Amino acid sequence: MPSSKPPPAAPTPDDATAYLDMPPERRAAAKAHAALLSRTADRIARELPMSTDVDDFRRVLAKEAKP
């Protein structure tokens, strides 16, 4: 018989790393870097042709995501 409890909610971005023991300034730097990677990945995905394979995507992302 299925449980009547709702599934657990996915963690929000702010509490997804709450269990990590790191100084606030390092956490802020990590969040800023993740945001940079996300924006870069979005831009690259929009610019590359649909025929691009995952290896090309990774290569371009690694090249362009450096601050």
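Computed from a prediction, not measured in an experiment: that's the story for all the values here.

> How should the overall build of the protein be read in this particular structure?
Across its full length, the protein carries two helices and zero strands. Of all 67 residues assigned to the protein, the portion counted as buried reaches 9%. Surface accessibility of the protein: about 5,900 Å² in total, with carbon and sulfur atoms responsible for 61%.

> Help me understand helix α1 (residues 24-47) in this model?
An α-helix turns once every 3.6 residues. As a result, residues three or four positions apart point the same way. Over its 24 residues, α1 extends 35 Å from the first C-alpha to the last, a length consistent with the 34 Å expected when each residue adds 1.5 Å. Arg27, Thr40 and Ile44 are the residues of α1 that are buried. Tucked inside the fold, the buried residues of α1 contact α2 (54-64).

> It is not clear to me how the packing of α1 against α2 should be interpreted in this structure. Could you clarify?
For any two helices packed against each other, one specifies the crossing angle of their axes together with the interaxial distance. Two numbers describe how α1 lies on α2: the axes approach to 10 Å, and their chain directions differ by 135°. Of the possible angle classes, the one that applies to α1 and α2 is oblique. In terms of crossing hand, the pair formed by α1 and α2 is right-handed. Contacts between α1 and α2 involve Leu37, Thr40, Ala41, Arg43, Ile44 and Ala45 on the former and, on the latter, Phe57, Val60, Leu61 and Glu64. Counted by class, the contact of α1 with α2 contains seven nonpolar, one polar and two charged residues.

> Explain the pattern of salt bridges here, please?
It is possible for side chains bearing opposite charge to pair when their charged atoms get close. Enumeration according to the criterion identifies five salt bridges in this entry. Counted as one network, the salt bridges with shared partners bring together Arg43, Glu47 and Glu64.

> Quick question: what am I supposed to make of the environment of Ile44 here?
As for its placement among the helices and strands, Ile44 is situated in helix α1. Residue classification places Ile44 among the buried residues on the basis of a relative accessible area of 1%. C-alpha of Ile44 to C-alpha of Leu61: the two residues are 17 residues apart in sequence and 7.0 Å apart in space. The contact partners of Ile44, leaving out residues within four places of it in the chain, are Phe57, Val60, Leu61 and Glu64.

Calculation notes
- Residues numbered from 1 in each chain as written.
- Predicted model: local features only at pLDDT ≥ 70, side-chain atom pairs only at ≥ 80, totals over all residues.
- Heavy atoms only, no water.
- Helix = DSSP H or I, 4+ residues; strand = E, 2+ residues; numbered from the N terminus.
- Buried < 20%, exposed > 50% of the residue type's maximum accessible area, 1.4 Å probe, protein only.
- Areas by Shrake-Rupley, 256 points an atom, 1.4 Å probe, with all protein chains shown as cover.
- Expected span 1.5 Å × (residues − 1).
- Contact = heavy atoms within 4.5 Å.
- Axes fitted to C-alpha atoms, helices over the stretch in contact; angles between N-to-C directions.
- Parallel < 35°, antiparallel > 145°, perpendicular 65-115°, else oblique.
- Left-handed = near helix turned anticlockwise from the far one by under 90°.
- Nonpolar A, V, L, I, M, F, W, Y, C, P; charged D, E, K, R; others polar.
- Salt bridge = Lys/Arg side-chain N within 4 Å of Asp/Glu carboxyl O.

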